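Listed below, chain by chain, are the residues.
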Amino acid sequence: MSGPRRDPDMVRPYVRTQGRIRAREDVRLESVVIAATGPTDTLGPDARRVMRLFAGANGGLAVADIAAALELPPSTVRILVSSLMDSGHLSSPVAAIDDQPDFDLLQEVLRGLRSLV
Amino acid sequence: MDCAPSSDRADRTDESGRAVTYVPATVTRSAKIVVAGGFGVGKTTLIGSVSEVRPLRMEEPITQASTGVDDLRGTPHKTTTTVAMDFGRIHMAGGRLALYLFGLPGQSRFQPLWEDLAEGALGCLVLADTRDLDASHDALGLLDGAGIPYAVAINTFPGAPEYPEAELREALALEPATPLTYLDARDRISSLHALITLTEYLTEHRPAALLESRR
Ligand SMILES: Nc1nc2c(ncn2[C@@H]2O[C@H](COP(=O)(O)OP(=O)(O)OP(=O)(O)O)[C@@H](O)[C@H]2O)c(=O)[nH]1
Ligand SMILES: [Mg+2]
């Protein structure tokens, strides 16, 4: 089956955020990030809003959680988070040593869903 | 954070005063399943049924340049539409893994959004309503085009016609291996069973891209 016809006129508004125009490939809607430390006074207003969400938080937030909390478009937040990871303000949570290297995402999701019914 | 006033520190609310539910510090991995389908087919209901946190909503503005024949000046108008996406979250694997569920509108004119937002999804659950099976075609076309594996679940609305499975498969143009199941999106267990059916299928038909680890 061939893909649906692309509508070339349907685009998202162009965004430039913190010097970045594209999100990192590994920064997706579901990507969880945690705050690192560092001065935020050089950041733009939206980036500061992101960092303020993490103030005092014991845990992370996914890109989608940030977009919902700040009422920003998820495409913008992907870019903001990407640049805040570049600058070291945000990072990916690091797996504990006992996190098996062969952690099988699909098997864990299946096991997790089955445990709920 | 350096710039955050100390009064913010204990304050676990967003700028509109709603509580922010943080991902537990134990979570080091996350994954995404997309729930798609036509208008009013039960996407929001399903996400609300299974999510362990209050479902949230994001809004993405998209601009459509309309070049209608009635545009006498010949300059394209731009109309901005806002596409709303709901999502919820389930924690699993002893708190190490967060599974996010995103409701994406199935209309094919939202394809650019899909490319961005469905990228990296484990798979998709397509909801269908037998009163309007054609409404599922856009979502199915988007998924086929993007190579995202999916299962179909018929959401059973009162008074909706019932068809033999073979007829449903033909009407939806499903591959023989594609799972076709039934659910009541208002029911948590029923919704979870549909997600299990999808995930079982994914473990048997996993695309190579999924073998790469992902956070
Ligand atoms: N009887 C019945 N009603 C349902 C079921 N699922 C959803 N509904 C109802 O159908 C209506 C639409 O459901 P939603 O969950 O809002 O559908 P949606 O796909 O999110 O709709 P849009 O976001 O507008 O495209 C609501 O009034 C639900 O209560 C179901 O399984 N059975
Ligand atoms: Mg909805």
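Residues numbered from 1 in each chain as written. Chains lettered and ligands numbered in written order. Predicted model: local features only at pLDDT ≥ 70, side-chain atom pairs only at ≥ 80, totals over all residues. Heavy atoms only, no water.

Helix and strand counts for chain B stand at five helices and eight strands. Moving toward the C terminus, one meets the helices and strands of chain B in the order β-β-α-β-β-β-α-β-α-β-α-β-α. Burial analysis of chain B (215 residues in total) assigns 53% to the buried set. Long-range pairs, those at least 24 residues apart, make up 69% of the contacts in chain B with a sequence separation of at least 6. As displayed, chain B offers around 9,600 Å² of accessible surface, 51% of which is attributable to carbon and sulfur atoms. (Helix = DSSP H or I, 4+ residues; strand = E, 2+ residues; numbered from the N terminus. Buried < 20%, exposed > 50% of the residue type's maximum accessible area, 1.4 Å probe, protein only. Contact = heavy atoms within 4.5 Å. Areas by Shrake-Rupley, 256 points an atom, 1.4 Å probe, with all protein chains shown as cover.)

This part takes up the overall build of chain A. Within chain A one finds four helices and four strands. The order of α-helices and β-strands along chain A, N terminus first, is β-β-α-β-α-α-β-α. The buried share of chain A, reckoned over its 117 residues, is 50%. In the form shown here, chain A has an accessible surface area of approximately 5,600 Å², with 50% of it arising from carbon and sulfur atoms.

The next thing to look at is helix 3 (residues 74–86) of chain A. Residues and elements named next belong to chain A. With 13 residues, helix 3 should reach 18 Å at 1.5 Å per residue; the first-to-last C-alpha distance of 18 Å fits that figure. Along helix 3, twelve of the 13 residues are buried, which leaves the element largely enclosed by surrounding structure. Within helix 3 the residues assigned to the buried category are Pro-74, Ser-75, Thr-76, Val-77, Arg-78, Ile-79, Leu-80, Val-81, Ser-82, Ser-83, Leu-84 and Met-85. The first or second residue beyond helix 3 is Gly-88, which carries a positive phi of 85°. (Expected span 1.5 Å × (residues − 1).)

Put simply, chain A has an average pLDDT of 82, and 77% of its residues get 70 or more. For the stretch residues 1–9 of chain A, pLDDT sits under 50, and the model shows 17 contacts to residues farther than four places along the chain or on other chains. (pLDDT = per-residue confidence, 0-100.)

All names here are of chain B. Around ligand 1 there are 15 residues in total, and Gly-40, Lys-43, Thr-44, Thr-45 and Asn-155 lie nearest to it. Within the contact set of ligand 1, a nitrogen atom lies 3.4 Å away from a backbone nitrogen or oxygen of Thr-156. Arg-186 is positioned with one of its side-chain polar atoms (N or O) 3.3 Å from a nitrogen atom of ligand 1. The fraction of the free accessible surface of ligand 1 (650 Å²) that becomes covered by protein chains is 66%. Here the shell around ligand 1 is composed, by residue class, of five nonpolar, seven polar and three charged. (Near = heavy atom within 4 Å. Polar contact = N/O pair within 3.5 Å; in protein donor to acceptor, adjacent residues only side chain to side chain. Nonpolar A, V, L, I, M, F, W, Y, C, P; charged D, E, K, R; others polar.)

In this structure, A:Ile66, A:Val81, A:Leu90, B:Met58, B:Trp114, B:Cys124 and B:Val152 are the most contacted members of the largest nonpolar core, which totals 63 residues. Sort the elements by how many residues they give to this core and helix 2 (residues 63–70) of chain A lands first, with seven residues. Discounting residues that sit within four places of it in the chain, B:Trp114 has contacts with B:Val34, B:Ala36, B:Leu104, B:Pro105, B:Gly106, B:Glu119, B:Cys124, B:Leu142 and B:Leu143. (Core = buried A, V, L, I, M, F, W, Y, C linked by side-chain atoms within 4.5 Å.)

As a further point, take the pairing of strand 7 (residues 150–155) of chain B. Side chains on a regular strand alternate between the two faces of the sheet. All names here are of chain B. Of all six residues in strand 7, six are buried, a share of seventy percent or more. Across the two faces of strand 7 the burial is the same, with Tyr-150, Val-152 and Ile-154 and Ala-151, Ala-153 and Asn-155 all buried. Here strand 6 (residues 123–128) pairs with strand 7 via five bridges, running parallel. Bridged to Leu-125 within strand 7 is Ala-151. Inspection of the sheet shows strand 7 paired to strand 8 (residues 180–183) by four bridges, in the parallel sense. Its bridge partner lying in strand 8, Ile-154 is registered against Tyr-182. The handedness of the strand 7 to strand 8 crossover, carried by helix 4 (residues 165–172), is right-handed. (Pairing = 2+ DSSP bridges. Right-handed = clockwise from strand over helix to strand, strands pointing away.)

It is worth spelling out unusual backbone geometry at this point. In this model, A:Glu71 sits at a positive phi of 55°, which is unusual for a non-glycine residue. Along the chain, A:Glu71 falls in the loop between helix 2 and helix 3. Unlike most non-glycine residues, B:Ala93 shows phi in positive territory, near 55°. Tracing the sequence through the fold places B:Ala93 in the loop between strand 4 (77–92) and strand 5 (97–105).

Let us look at the sheet that holds strand 1 (residues 23–24) of chain B. Strands pair in a sheet through their backbones, by hydrogen bonds, and they do so in one of two ways: parallel or antiparallel. An order of 4(A)-2(A)-3(A)-1(B) is seen for the four strands of this open sheet, with the pairing classed as antiparallel. Each of the sheet's edge strands pairs with one partner strand only, and the pair in question is strand 4 (90–91) of chain A together with strand 1 of chain B. In terms of strand pairing, strand 3 (residues 59–62) of chain A meets strand 1 of chain B through two bridges, oriented antiparallel. Bridging from a neighbouring strand, A:Gly59 pairs with B:Pro24 of strand 1 of chain B.

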